[in-house]
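Residue-level listing of the chains:
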Amino acid sequence: MTAHTTIAVPSPLPAERRRAPIADDAAMLRLAAELNREFSVANPAIYWPDFLISTGIGYAGLAGAILLDSVPLALACGVVAMLTLYRAASFIHELTHIRKGALPGFRFAWNLLIGVPLMIPSFMYEGVHTLHHARTRYGTANDPEYLPLALMKPWSLPLFVIVAMLAPVGLIFRFGVLTPLSVIVPPLRRAVEAQYSALSINPAFRRRPPEGEFKRQWYWQEAGACLFALALVASVFAFGWRPLLTYMAVHSAMTVINQLRTLVAHLWENEGEAMTVTAQYLDSVNVPPPGVLPEIWAPVGLRYHALHHLLPSVPYHALGRAHVRMIATMDAQSSYAGGNYRGMLPLVGKIARSTMLRR
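The structure reproduced in this document is the subject of the present report. Just so you know, these numbers come straight off a predicted model, no measurement behind them.

Topic: a nonpolar patch on the surface
Right, so step 1: On the surface, Phe173, Val177, Leu181, Val183, Ile184 and Val185 cluster together into a nonpolar patch covering about 550 Å² of accessible area.
Right, so step 2: The exposure class assigned to Val177 is partly exposed, which follows from its relative accessible area of 33%.

Listed below in structure tokens is the structure:
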């Protein structure tokens, strides 16, 4: 779950200044393949309660933030709403990886309860995120979820985060204005599908038109988000500004947290070349226990983002066990240890310092 930016991609560095390619760690990849087979089954008894409880608490908190007269209590409810709806929204990542038929009804329920009401229907991520995992696309100009942020100008990082604050406004415009207009203006429709229908961070990315069953899913999800966006605007006339502004504040805050998580999900140091799987892993980030905060800002297994690149089929609830197995099996000097970090602030500092280097 990421937001669009319009940051310019820097020119590739001269050949003599590029880093040497990283060879694959065969032992790490063999173990990862074994764990992929062992832990690849999604457990509905974990998915459904986690998602539904997070969603229920989130909407209860949002209602409290809207209805309570006490400012401290309303703010507390808003924080609860933001954190729990963020967790529920993060299941969009799981939707892109779970095997077909593994969780019957989960995609529909997620879109009905979260995707449409937050105007982030799953079609905006499905068919996009999997490209990020393609062996020859990761870190290149064809990766929808990659920008060499560590090689950009220092101002690019705050811009990357600040732009996420405008997500609710952008989504209302996308679905409340562009969707109905594009129905009657075919050229606009083609532009909307190609340029404004993906949760990506690469501004050069263009989607292909949807086909088959996915096209039907896309259209009903988009229609639902369109109706919801129009209802949000109309709610001002029925209920005043407070419900809409509270909703937008909660939505904006959760999007900013997600953008910060995205900022530290990778090191963003690749210059556009294709990378080995081990190099992709080392350009990605795990923030494993004992820290507790990563479970809040990187929920639903996202704290194991580097491991996820090795085990894309493993559901979020099994990544912790897979990590323990990897640590216990691999040598302390192995490539696997190189993908583990202590927290968000050291990572932000590392990337920020990289942007300040002369190139």
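Regarding the nonpolar core
Right, so step 1: Tyr47, Phe51, Phe91, Trp110, Ile114, Met119 and Phe175 are the most contacted members of the largest nonpolar core, which totals 51 residues.
Right, so step 2: Secondary-structure elements contributing two or more residues to this core are α2 (44-67), α3 (71-89), α4 (91-95), α5 (106-115), α8 (167-184), α10 (212-239), α11 (241-263) and α16 (344-355).
Right, so step 3: Filtering out sequence-adjacent residues up to four positions away, Phe91 remains in contact with Tyr47, Asp50, Phe51, Phe106, Trp110, Val300 and Tyr316.

Overview of the packing of α2 against α11
Right, so step 1: At their nearest, the axes of α2 and α11 sit 9 Å apart, and the two run at 135° to each other. One finds that α2 runs oblique with respect to α11. Once α2 is placed against α11, the crossing between them reads as right-handed. Residues Leu62, Ala65, Ile66 and Leu67 of α2 lie in contact with α11, whose contacting residues are Arg242, Pro243, Thr246, Tyr247 and Val250.
Right, so step 2: Residues belonging to the contact of α2 with α11 are distributed by class as follows: seven nonpolar, one polar and one charged.

Notes on the packing of aromatic side chains
Right, so step 1: What the rule picks out here adds up to 16 aromatic pairs.
Right, so step 2: Ring centres 5.1 Å apart and planes at 85° place the aromatic pair Tyr47 and Tyr316 in the edge-to-face group. One end of the pair, Tyr47, is in helix α2; the other, Tyr316, is in the loop between α14 (305-310) and α15 (319-329), with 269 residues separating them in the sequence. Here Tyr47 and Tyr316 have matching classes, each one buried.
Right, so step 3: Measuring from ring centre to ring centre gives 6.4 Å for Phe123 and Phe175, while their planes differ by 85°; the resulting arrangement is edge-to-face. Here Phe123, found in the loop between α5 and α6 (129-132), pairs with Phe175, found in helix α8; they are 52 residues apart in sequence, far enough to count as distant.

Rules used throughout
Residues numbered from 1 in each chain as written. Predicted model: local features only at pLDDT ≥ 70, side-chain atom pairs only at ≥ 80, totals over all residues. Heavy atoms only, no water. Patch = residues over 30% accessible without salt bridge, like charges linked within 9 Å, V, L, I, M, F, W, Y side chains within 5 Å. Areas by Shrake-Rupley, 256 points an atom, 1.4 Å probe, with all protein chains shown as cover. Salt bridge = Lys/Arg side-chain N within 4 Å of Asp/Glu carboxyl O. Buried < 20%, exposed > 50% of the residue type's maximum accessible area, 1.4 Å probe, protein only. Core = buried A, V, L, I, M, F, W, Y, C linked by side-chain atoms within 4.5 Å. Helix = DSSP H or I, 4+ residues; strand = E, 2+ residues; numbered from the N terminus. Contact = heavy atoms within 4.5 Å. Axes fitted to C-alpha atoms, helices over the stretch in contact; angles between N-to-C directions. Parallel < 35°, antiparallel > 145°, perpendicular 65-115°, else oblique. Left-handed = near helix turned anticlockwise from the far one by under 90°. Nonpolar A, V, L, I, M, F, W, Y, C, P; charged D, E, K, R; others polar. Phe/Tyr/Trp six-rings, centres within 6.5 Å; stacked < 30°, edge-to-face > 60°.

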